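Summary of the model geometry
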Amino acid sequence: MELFKDAHFDFLGRKWWFLLPSFVLILAGLASLIAKGGPRYSIDFLGGAVTDVRWEGAPPIERIRAALSSRLGGVSVVAAHDSTGSNEILVSVQLPATGDATAVRQTIYEALSTVSTGYSNRSFEAIGPQIGADLRRQAFMATAGASAGMLLYLGWRFRIVYGVAAVVAMAHDALMTIGLFSLLNQEFSLTVVAALLTLIGYSMNDTIVVFDRIRENRRAHGREPLAETINRSINQTLSRTVLTSGLTLLSALSLLFFGGQVLHGFSLALVIGIIVGTFSSIFVASPILLAWEQRRTRWTAPHISMPTGGVR
Amino acid sequence: MNRGLIRKTFIILAIVVASAFAIVRLPLRLGLDLKGGASLILKVHVEDASPEQQRDVVEQTRQILERRINAYGLSEAPIQPYGSRGNELLVQLPGVHDASRIKNLLQSRAVLEWYSIEGGPYASTEDAMAQHQGILPYGRKILATRPEADGRRAWYVVAGRPIIRGTDLRDARVAAGTMDRPVTTFILSQDAAGRFEQFTRANIGRRSAIVLDQEILSVPVIEEVIRDSGQIRGARNREEAEDLAVNLRSGALPAAIEVVQERTVEASLGADSIHDGVRAGAIGLAAVVAVMLSYYRWAGVNATLVLFLNGLLLIAALTCFGAVLTLPGIAGVVLTIGMAVDSNVLIFERIREELRAGKSAAGALAAGFSKAFATLVDTHVTTVVSCAFLFFFGTPAVKGFAATLVIGLTTNLFTSVFVSRVAFDWELSRRRSNPELSIGVAR
């Protein structure tokens, strides 16, 4: 069996067919983010208390919410995502300013007991607002640092324009994932940030595989117009791209459906990110490369500039 | 037969045996999110100390808290510095489900002092001041008793300096007190005993105040000369008396502490997480192997072999580094499977291209591996770069994930480039005349 044997798709010629839906989705995500006032941060970032409770039978979520709201502020009760269909709920509340987590914990369980005694607590977590603020700062620094690091590495291995194109593709993926999380009303937690950084790495992988091939083809066929070289390179690596993304997607889907509720946000971000990342390395990174080169040749000289080799 | 190939095979076999040995001999430690327990992050309030002393204050606090926890019977719970701020500590308590008692134990500063009483009781601070015409005599201070069950408390004027302090104690124990109310007894050091004897001799019949963390616990009347031992009443129950004894024995904290994060996980949730994680890994692996075998035929067997070897090496490396396997760690292992598959696909697709271009099996193999290698290095380095920035997070969970992924990438480079190549070479060397590669390409 061979996928895409001798494929000759004109990716660059049709780029708007693919870029337009992507822009629309990103705009929708941004609109959702603005309308909701930012991502739906979990208590990792905001501070607060969350407890995982297993209910005997279907949990009466409305009654539980009512019982808690009369005692505590900022109550949220959601069913935990789990493929096994266990009756777990996640209860999160705000911590009062002077509050002691122990008292909040007792209050939560008292409130739950008024609804039913048939429950068992599975985990409890309380995070002070200071820790949450620290994490937001760290998440920002980690993302910015990772982007800068990759830009530098690619600038050194290829040319700086390759780094810029790859980082723009990466930003596209991150923005898209954050936007989709907001559209799907999914919680943005610390593990989601970890997933985001992982898929930034994956997206970078895909982009590099294509870029490596572009560099190689430019050495072999230096006189060919860049658009053709890029198209040829994408086609040559297409079966690898689709196969790898498909297989990685299989692992991520397996985590999403069978990995348990604790990893749900992580796996969802990965599944979205792998799809978006594969897309962006073909339809975002490569057109940028082309646009840059075309502009440069138009301004400087009528002949096509020879690529520099980079370090091997 | 090629001697270089045999030597390489022996190297691989030796590594496999060593890995298997490591996995069997060294147990893989599980994190609290998998085996259940409580973890606390404490903030040490070092604001009062001078900048150069802050580090010492945190370290002293850490040691004292560790002594308290050891005395509590949780000896395998080291307290680690946490975060980048330098004033936070991480306490991990395996098997603890309700952290409230431990929190009280840790948060109490346990500064014990014994004062002589100069006046009182009064109904409030204002009342006390009024009795002294609004001016507190020099070197005196006002302290309140600990609130009773109904919230009542009383105020006393005491001497400015205590007669004895917590540092004067040599030992503290719990004893059965009168009327089922346990008391905490203590023994003073030699030096303090001398001072205390003088004080009690001079003040028989007068009241004194035993003060813990700036709250008066009890107001005993000195009935006789006391030399080196005394007792503290006022504990509400035996647990409280025990905790006080533990805290007095392990010493007072140099600074106040605050619990800024608390997390408890029941063992049942941890067991479910392991079960779910292993199941997700197994299903993901099975799906990947099935696709590889049907797509790449015999080369798919190579890839599968390499995949399992990578898993073996990864787990062996984790145990050797003494890593603690957490749930994010399991996610890291599953993602490593994804990366390993990518490397194999990258190499195999390259070999196929070379075969289609008309190269011989041996030539395609050599060209495929060497051309894919440059790309592999690039993709691995960029992922390591993004992992490196995950270490910006002080959170152990995220660090564990990043560490697992980095180790996995390293073992993956070895297995997918070196081991896979050796496996292919064996395949070729067995069929000497007109060798062909079974990699799913029709020629």
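Residues numbered from 1 in each chain as written. Chains lettered and ligands numbered in written order. Predicted model: local features only at pLDDT ≥ 70, side-chain atom pairs only at ≥ 80, totals over all residues.

Counting its regular elements, chain B contains twelve helices and 15 strands. For 443 residues, the compact-globule estimate of 2.2 N^0.38 gives 22 Å, and the C-alpha radius of gyration of chain B, at 34 Å, exceeds that figure by more than 25%. C-alpha atoms of chain B, sized along the principal axes, occupy 110 × 40 × 40 Å. (Helix = DSSP H or I, 4+ residues; strand = E, 2+ residues; numbered from the N terminus. Rg over C-alpha atoms; globule rule 2.2 N^0.38 Å.)

With that settled, consider the interface of chain B and chain A. Taken together, the contacts link 57 residues of chain B with 54 residues of chain A. Looking at the side of chain B that touches chain A, the elements with two or more residues in it are helix H4 (100-107), strand S14 (257-265), helix H8 (267-296), helix H10 (327-356), helix H11 (361-390) and helix H12 (396-430) of chain B. Counted by class, the side of chain B that touches chain A contains 30 nonpolar, 16 polar and eleven charged residues. (Contact = placed C-beta atoms within 7 Å. Nonpolar A, V, L, I, M, F, W, Y, C, P; charged D, E, K, R; others polar.)

Before going further, it helps to examine the sheet that holds strand S9 (residues 169-175) of chain B. Residue and element names in this part refer to chain B. Pairing within the open sheet is antiparallel, and its three strands lie in the order S9-S10-S13. Strands at the two margins of the open sheet, each flanked by one partner only, are S9 and strand S13 (229-232). The sheet shows a mean angle of 25° between the axes of neighbouring strands, taken without regard to direction. Sitting on the sheet, helix H7 (residues 238-250) is in contact with S9, strand S10 (183-188) and S13, with an inclination near 165° to S9. (Pairing = 2+ DSSP bridges. Axes fitted to C-alpha atoms, helices over the stretch in contact; angles between N-to-C directions.)

Before going further, it helps to examine the domain arrangement of chain B. All names here are of chain B. As far as domains go, chain B holds domain 1 (3-32 + 266-430), domain 2 (33-106 + 260-264) and domain 3 (109-251). Just the C-alpha atoms count here: the centres of domain 2 and domain 3 sit 28 Å apart. Across the boundary between the two partners, domain 2 contributes eight residues, which contact seven residues of domain 3. Considered class by class, the residues forming the side of domain 2 that touches domain 3 number four nonpolar, one polar and three charged. (Domains from an automatic or database assignment.)

Here we have eight strands laid out as an open sheet, ordered S2(A)-S3(A)-S1(A)-S4(A)-S14(B)-S2(B)-S4(B)-S3(B), and antiparallel in their pairing. Looking at which strands have only one partner, the edges of the open sheet turn out to be strand S2 (76-79) of chain A together with strand S3 (79-82) of chain B. Neighbour to neighbour, the strand axes of the sheet diverge by 20° on average, direction disregarded. Summarising the sheet, strand S2 (residues 37-44) of chain B and strand S4 (residues 88-94) of chain B pair through seven bridges and their orientation is antiparallel. The residue of S4(B) that forms the bridge with Ala38(B) is Leu93(B). Helix H5 (residues 129-157) of chain A rests against strand S4 (119-127) of chain A together with S2 and S14 of chain B of the sheet, and its axis sits at about 80° to S14(B). Here H4(B) sits on the sheet in contact with S2, S4 and S14 of chain B, set at roughly 160° to S14(B).

In this model, helix H8 (residues 226-258) of chain A (33 residues) spans 45 Å end to end at C-alpha, consistent with the 48 Å of a helix rising 1.5 Å per residue. At Thr237(A), H8(A) shows its maximal kink, close to 50°. (Expected span 1.5 Å × (residues − 1). Bend = angle between axes of the 7 residues up to and from the residue.)

Okay, unusual backbone geometry next. All names here are of chain B. One non-glycine residue, Asp-213, lies in the positive phi region at around 50°. Within the secondary structure, Asp-213 is located in the loop between strand S11 (208-212) and strand S12 (215-218). Assessed through the 17 C-beta atoms surrounding it within 10 Å, Asp-213 is described here as partly exposed. In this structure, Gln-214 is a non-glycine residue whose phi angle is positive, near 65°. Examined against the element boundaries, Gln-214 turns out to sit in the loop between S11 and S12. Assessed through the 11 C-beta atoms surrounding it within 10 Å, Gln-214 is described here as exposed. (Buried ≥ 20, exposed ≤ 12 C-beta atoms within 10 Å, placed from the backbone.)

It is worth spelling out the confidence of the model for chain A at this point. Of all residues in chain A, 92% attain a pLDDT of 70 or more, and the chain-wide mean is 82. Low confidence marks residues 301-306 of chain A, where pLDDT is under 50. Its contacts with residues over four positions away, or in another chain, come to three contacts. (pLDDT = per-residue confidence, 0-100.)

Residue and element names in this part refer to chain A. One can find Phe-181 in helix H6 (residues 160-183). You can call Phe-181 buried: it has 23 C-beta atoms within 10 Å. When neighbours within four sequence positions are excluded, Phe-181 is seen to be in contact with Pro-39, Gln-186, Phe-188 and Val-192.

In this model, chain B carries an average pLDDT of 82, and 95% of its residues clear a pLDDT of 70 or more. What the predictor reports for the complex is a pTM of 0.75 with an ipTM of 0.78.

Next up on the list: the packing of helix H7 (residues 190-220) of chain A against H8(A). Residues and elements named next belong to chain A. Between H7 and H8, whose axes approach to 9 Å, the crossing angle comes to 150°. Judged by the angle between their axes, H7 and H8 are roughly antiparallel. Every pair of crossing elements has a handedness; the one defined by H7 and H8 is right-handed. Contacts from Tyr-202, Asp-206, Val-209, Val-210, Arg-213, Ile-214, Asn-217 and Arg-218 in H7 reach Thr-229, Ile-230, Arg-232, Ser-233, Ile-234, Gln-236, Thr-237, Arg-240, Thr-241 and Thr-248 in H8. Across the contact of H7 with H8, the residue classes tally to six nonpolar, seven polar and five charged. (Parallel < 35°, antiparallel > 145°, perpendicular 65-115°, else oblique. Left-handed = near helix turned anticlockwise from the far one by under 90°.)

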